[in-house]
Amino acid sequence: MPSEHTEVQVRPGAEADLEALTDIYNHYVRETPITFDTAVFTPEERRPWLLSHPEDGPYRLMVAMDADSQEILGYATSSPYRVKPAYSTSVEVTVYLAPHAGRRGIGTLLYEALFKALESEDLHRAYAGIAQPNEASTRLHERFGFRYVGTYGEVGRKFGRYWDVAWYEKEL
């Protein structure tokens, strides 16, 4: 496990990251209500997701890695908010960290890099849906200027119960 003081590098995601990114995401599928996916993915099943986040354009994938071990510690994405054309200047953003990588500022590094990369894009708003409760994610988004806009009550069912999703928005 990396030490607290390991240097973390953030870069655009690449196809070589697919297995590690899939492993991180599958942790949240199996263990948490943070994603409403309920079945784990193979890397091949996740390949279209990875390829939908090129190195340029409004839909990005930024990856944090341990500079020494090259271990992937987490990732952040911007993705289409909705598919209809009038939504094209809005993105949904998210961060996923390796289970042991929390509380080290990696989410902050990822969002700093993601929002910097998006500065030159024709975007107006970013949205984040946070399954409740999730204080760490709420704090991260508020630090980046997101404001609470509402909650979808009991919108998802996972692990035999219903979960609320709080929605946050940020001007870009």
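Described below are features of the structure shown in this document. (Residues numbered from 1 in each chain as written. Predicted model: local features only at pLDDT ≥ 70, side-chain atom pairs only at ≥ 80, totals over all residues. Heavy atoms only, no water.)

## Here we look at the nonpolar core
Definition in use: Note on terminology: a nonpolar core comprises buried Ala, Val, Leu, Ile, Met, Phe, Trp, Tyr and Cys residues joined through side-chain atoms within 4.5 Å. The classification of residues rests on relative accessible area computed with a 1.4 Å probe and restricted to protein chains. Under 20% of the type maximum is buried, over 50% is exposed, and intermediate values are partly exposed. Each helix corresponds to a stretch of at least 4 residues labelled H or I by DSSP, and each strand to a stretch of at least 2 residues labelled E; elements are numbered beginning at the N terminus. Every residue pair with non-hydrogen atoms within 4.5 Å of one another is taken to be in contact.
Among the nonpolar cores identified, the biggest contains 41 residues, and Y75, V93 and Y111 are the most heavily contacted of them. Those elements that place two or more of their residues in this core are helix 1 (18-31), helix 2 (43-51), strand 2 (61-66), strand 3 (72-80), strand 4 (90-97), helix 3 (106-118), strand 5 (125-131) and strand 7 (161-171). Looking at which element gives the most residues to this core, the answer is helix 3, with 7 residues. Ignoring sequence-local partners within four residues, the contact set of Y111 consists of A76, V93, T94, V95, L140, H141 and F144.

## Side note on the packing of aromatic side chains
Note the cut-off: Geometry of aromatic contacts follows a simple scheme: Phe, Tyr and Trp rings, the Trp one being its six-membered ring, pair when their centres are within 6.5 Å, and the pair is stacked under 30 degrees between planes, edge-to-face over 60, tilted otherwise.
Applying the stated criterion to the full structure yields 15 aromatic pairs. Between the aromatic rings of Y81 and W167, the centroid separation amounts to 6.4 Å while the plane-to-plane angle is 90 degrees, which identifies the pairing as edge-to-face. With a gap of 86 residues between them, Y81 in the loop between strand 3 and strand 4 and W167 in strand 7 connect regions that are remote in the sequence. Here Y81 matches W167 in class, with each residue buried. Each ring, one from Y148 and one from Y168, has its centre 5.6 Å from the other, and the planes form 65 degrees; the classification is edge-to-face.

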